[in-house]
Amino acid sequence: MNYQTVLDDIANRLAPLLGTEGRVADYIPALARVPVRQFGIALRTRDGVEAAAGDFDTPFSIQSISKLFSLTLALRRLDDALWQRIGREPSGNPFNSLVQLETEHGVPRNPFINAGAIAVADRLLALGLGKHDVLAFAGHLCGEAIAFDAEVAASEAATGFRNLALANFMKSFGKLDHAVADVLDVYFHQCSIAMTCRQLARAAGYLCRDGAHPLGGGFDAVINERQARRINALMLTCGTYDAAGEFAFCIGLPCKSGVGGGIVAVVPDTLTLCVWSPALDATGNSAIGRRALELFTAQTGLSVF
Ligand code: GLN
């Protein structure tokens, strides 16, 4: 299959729609300023073949895509012990919802909603790891130095009232071991990491390689095959919040989105791809990114189903 032709076609078809659908995430002031008429797409196959189109080399705020890296880092060390603090069920609620936490006694439904990622950040601190380890890990996976966007991190810290509420709520149930401020410092910084579509398509590669390092030879496995399979399952069921059912129905791939407008998708055993366009639909997923993934699976016939 000529992936470059497929990606070029998708970028051309979507260009007229840029700026016509969705809205940027204006609840984080630093993200509200991102120009909306941008679109990038990049993929990397299991064997290292790459293709990319549009603004694939423009860094953007990875936001909740970072939940993939923090979860992987925690799972590597804790394996099944991680699930003592975090569930594995879709929430069917917005990513920042508080409602289930009360009835479920401070145990987040899954690691991909905000409460779950905050609980993962607490586990990382318990392992002696922190924000710089998440950053270094993502850089190690894509093979390039990457950085926090200090302005985005500060913007979230200044306005992240819901995340503060979620963390305090979990703390009140005794489900966070560390100080709320320390846990949120990890969480806000991991969300502020800036990466490009190409870097994210590379970094996620372990998920289409049974846990082997995305860049291949010489590197140790990132996680084992069973763990990779489980992360893919969680991405499919929980990676796009309360749109996960729609994504499974219309796209049929494990996906993880972020409110920066990026979505990482996995075709197990075949390839990983990343799409990016800043305007979001009502569920907090990139509106054009979602269309791009629909076009990609329609044109290639790739799906887990
Ligand atoms: N940093 C964002 C928040 O906590 C991440 C949410 C997202 O990308 N869905 O609200």
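Details of the structure are given in the entry above.
Just so we're clear, the structure is a prediction, and the values are computed from it rather than from any experiment.

Note that P94 resides in the loop between α3 (66-78) and α4 (99-103). Taking the C-alpha atoms as reference points, P94 and A282, separated by 188 residues in sequence, lie 9.5 Å from one another.

With that settled, consider the pairing of strand β7 (residues 262-267). With six of six residues buried, β7 lies mostly within the body of the structure. Side chains G262, V264 and V266 of β7 all project onto a buried face; the interleaved residues I263, A265 and V267 project onto the opposite face, where all are buried too. Linkage of strand β6 (residues 255-257) to β7, two consecutive antiparallel strands, is achieved through a turn of four residues, within which G261 is found at a positive phi near 100 degrees. Here β7 runs beside strand β8 (residues 271-276); their pairing, made up of six bridges, is antiparallel. Bridging across to β8, V264 finds its partner in C274. The antiparallel hairpin formed by β7 and β8 contains three residues in its connecting segment, where D269 sits at a positive phi of about 70 degrees.

Attention now moves to the packing of aromatic side chains. Within this structure, the stated rule accounts for five aromatic pairs. With 5.1 Å between their ring centres and 50 degrees between their planes, F95 and Y241 make a pair best called tilted. Of this pair, F95 sits in the loop between α3 and α4 while Y241 sits in the loop between α11 (225-238) and α12 (244-250); the two residues are 146 residues apart in sequence, bridging distant segments of the chain. With relative accessibility at 3%, the residue Y241 sits in the buried group. By the ring-pair criterion, three or more aromatic residues cluster together here, those being Y27, F95 and Y241.

What surrounds the ligand is the set Y27, Q63, S64, F95, N114, E156, N163, Y187, C191, Y241, G258 and V259. S64 is positioned with one of its side-chain polar atoms (N or O) 2.6 Å from an oxygen atom of the ligand. E156 has a polar side-chain atom sitting 2.6 Å from a nitrogen atom of the ligand. Taken by itself the ligand offers 300 Å² of open surface, and the protein chains cover 99% of this.

Below, the discussion takes up the sheet that holds β6. The strand order across the open sheet built from five strands is β2-β1-β8-β7-β6, with neighbouring strands paired in antiparallel fashion. With one partner strand each, in any of the chains shown, β2 (50-54) and β6 form the two edges of the open sheet. Along the sheet, successive strands turn relative to each other by an average axial angle of 10 degrees, direction set aside. Looking at chain direction, strand β1 (residues 40-45) and β8 are connected through six bridges and run antiparallel. In the strand pairing of β8, I41 is matched with V275. Against the sheet, helix α1 (residues 3-14) makes contact with β1, β2 and β8, and its axis sits at roughly 15 degrees relative to β2, the strand it touches most.

With that settled, the discussion passes to the sheet that holds strand β5 (residues 193-195). Spatially, three strands are ordered β3-β5-β4 in an open sheet, and the strand pairing comes out antiparallel. Two strands lie at the open edges of the sheet, namely β3 (60-61) and β4 (147-148), each paired on one side alone. Note that β3 and β5 share two bridges and pair antiparallel. The residue of β5 that forms the bridge with F60 is M195.

What follows covers the pattern of salt bridges. Counted by the stated rule, this structure contains 23 salt bridges. For E144, the salt bridge is made with R202, and the minimal N-O distance between the two is 3.0 Å. Of this pair, E144 sits in the loop between α6 (131-142) and β4 while R202 sits in helix α10 (residues 197-203), and the two are 58 residues apart along the sequence. Residue E144 is classed as partly exposed on the basis of its relative accessible area, which comes to 34%. Owing to a relative accessible area of 15%, R202 belongs among the buried residues under this scheme. Among the salt bridges present, the one from E246 reaches R290, with a minimum N-O distance of 3.4 Å. Here E246, found in helix α12, pairs with R290, found in helix α13 (residues 287-300); they are 44 residues apart in sequence, far enough to count as distant. Within this structure, R44, E50, E144 and R202 form a network of salt bridges that share partners.

Criteria and thresholds
- Residues numbered from 1 in each chain as written.
- Predicted model: local features only at pLDDT ≥ 70, side-chain atom pairs only at ≥ 80, totals over all residues.
- Heavy atoms only, no water.
- Helix = DSSP H or I, 4+ residues; strand = E, 2+ residues; numbered from the N terminus.
- Buried < 20%, exposed > 50% of the residue type's maximum accessible area, 1.4 Å probe, protein only.
- Pairing = 2+ DSSP bridges.
- Phe/Tyr/Trp six-rings, centres within 6.5 Å; stacked < 30°, edge-to-face > 60°.
- Near = heavy atom within 4 Å.
- Polar contact = N/O pair within 3.5 Å; in protein donor to acceptor, adjacent residues only side chain to side chain.
- Areas by Shrake-Rupley, 256 points an atom, 1.4 Å probe, with all protein chains shown as cover.
- Axes fitted to C-alpha atoms, helices over the stretch in contact; angles between N-to-C directions.
- Contact = heavy atoms within 4.5 Å.
- Salt bridge = Lys/Arg side-chain N within 4 Å of Asp/Glu carboxyl O.

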